[in-house]
Amino acid sequence: FWLLSVHRSLLFFFIGNMAKHGKNQTSSSVYSNAERAKDKREQKYGAQSQRIGSDSQRQCDSCYLSLQPVVDAVCTPDGYLFERRAILENLLHQKEQIAFKKKQYELQIKREEKERRELELAAEKDREEAFRKMETSLTTSKRDRFVDKTEVGHATIALQQKKFTIKTAKGEVNPTTPSFWVPSSTPDAKAALVEKPDTKTRCPVSGKPLKLKHLISLNFTEVDPTSKTPIVAREVRYMCPITRKSFKGNAQLVVLKPSGRVISKECLDTLVLKDMADPISGEKLTLKDIILLKKGGSGFAASGAIVKATKRNSTQTVT
């Protein structure tokens, strides 16, 4: 009887272990990938990714900066849509930053020039002192012509190191030596060097140079112009003035540059490209007058938009 009980206990033990799945089994000696992912989610370390749904994507009639539906819309020659106030504030902030960095760079140049002049004066005094010592001392010892035993001051050494540069693709730079124990290579508490600032204002999305004169004013056609509901609160805001179809989601919008009129891609293919003229005003157009606005995002990976967000936290190190 006791032998049968032992066999039955062993059978239940093995069946119980076999019923456990790999993702839930914690008695294994191997730290599995599922356990590692579970610990990352619970303890919040390392890189964590999450898929972005359509509700978190920019719509086709929304600004790239404020992510809100545009009211006074402008676009860049590359097709990036902005609210006029938002892009003007961004360009103004860039100009302020450029002026601040330029002033800091000019102060740095003046400070370096002042330090160089001080080093030259100190080095000149070192040379005068060395010449005075040489003239006042009498020596009859044999001198090795191949070894320079001239004593120089610290200012002379610093000036020589400052003048010694290496030519690279980025210009002349001071060489750095790994001999940190050498007194001349000891790091000092100096302010970080300011690089020469870029004097051009740039598009906050593409990074290309952008000026106020490059912005193109747009004319969106409202679905219900008589509605008292704010544009932001409307579910359907704008439409194509020719096909009368509303703009939703990641619809492809087209701008006719001379008039600033915004139409749909369907209208461009069926009407505009045939006659190369504005369907409403009849004004002749060229290919340079047609600007494709960047499409809005959607929850589908095939739309071309980024549908995955990644956040990098502190990394856990296993020793």
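Residues numbered from 1 in each chain as written. Predicted model: local features only at pLDDT ≥ 70, side-chain atom pairs only at ≥ 80, totals over all residues. Heavy atoms only, no water.

Student: I would appreciate a short explanation of a positive patch on the surface in the present structure.
Tutor: A cluster of basic residues, Lys95, Lys200, Lys211 and Lys213, forms a positive patch on the protein surface. Take Lys200: it is sitting in the loop between strand S5 (171-173) and strand S6 (216-217). By relative accessible area, which is 48% here, Lys200 ends up partly exposed. (Patch = residues over 30% accessible without salt bridge, like charges linked within 9 Å, V, L, I, M, F, W, Y side chains within 5 Å. Areas by Shrake-Rupley, 256 points an atom, 1.4 Å probe, with all protein chains shown as cover. Salt bridge = Lys/Arg side-chain N within 4 Å of Asp/Glu carboxyl O. Lys, Arg positive; Asp, Glu negative; His and termini not counted. Charge placed at Lys NZ, Arg CZ, Asp CG, Glu CD. Helix = DSSP H or I, 4+ residues; strand = E, 2+ residues; numbered from the N terminus. Buried < 20%, exposed > 50% of the residue type's maximum accessible area, 1.4 Å probe, protein only.)

Student: Would you mind showing me how to read the sheet that holds strand S2 (residues 73-75) here?
Tutor: Backbone hydrogen bonds hold the strands of a sheet together, and the pairing may be parallel or antiparallel. Read from one edge to the other, the open sheet built from three strands follows the order S3-S2-S6, with strand pairing classed as antiparallel. Of all strands in the sheet, those bounded by a partner on one side alone are strand S3 (81-83) and S6. When S2 meets S3, the two strands line up antiparallel, connected through three bridges. Across the sheet, residue Val74 finds its bridge partner in S3, namely Phe82. With respect to the sheet, helix H3 (residues 84-136) is in contact with S2, S3 and S6, its orientation differing from that of S3 by roughly 90°. (Pairing = 2+ DSSP bridges. Contact = heavy atoms within 4.5 Å. Axes fitted to C-alpha atoms, helices over the stretch in contact; angles between N-to-C directions.)

Student: Is there a simple way to think about the pattern of salt bridges in this case?
Tutor: Two side chains of opposite charge can pair, provided their charged atoms sit close to one another. Tallied over the full model, the rule gives 14 salt bridges. A salt bridge links Glu222 to Arg234; the shortest N-O distance between them is 3.0 Å. With Glu222 in strand S7 (residues 221-222) and Arg234 in the loop between S7 and strand S8 (238-239), this pair connects stretches of sequence that are twelve residues apart. A relative accessible area of 11% places Arg234 in the buried class. A salt bridge links Lys245 to Glu266; the nearest nitrogen and oxygen atoms lie 3.1 Å apart. Of this pair, Lys245 sits in the loop between S8 and strand S9 (253-256) while Glu266 sits in helix H5 (residues 265-275), placing them 21 residues apart in sequence. On the basis of relative accessibility, which here comes to 45%, the residue Lys245 falls in the partly exposed class. Connected through shared salt-bridge partners, Glu113, Arg116, Arg117 and Glu120 make up one network.

Student: Is there a simple way to think about H3 in this case?
Tutor: In an α-helix, one full turn covers 3.6 residues, which means residues spaced three or four apart are oriented alike. End to end, H3 covers 78 Å across 53 residues, agreeing with the expected 78 Å (1.5 Å per residue, within 8%). Within the sequence span of H3, burial applies to Ala86, Ile87, Leu91, Gln94, Ile98, Gln108 and Ala123. (Expected span 1.5 Å × (residues − 1).)

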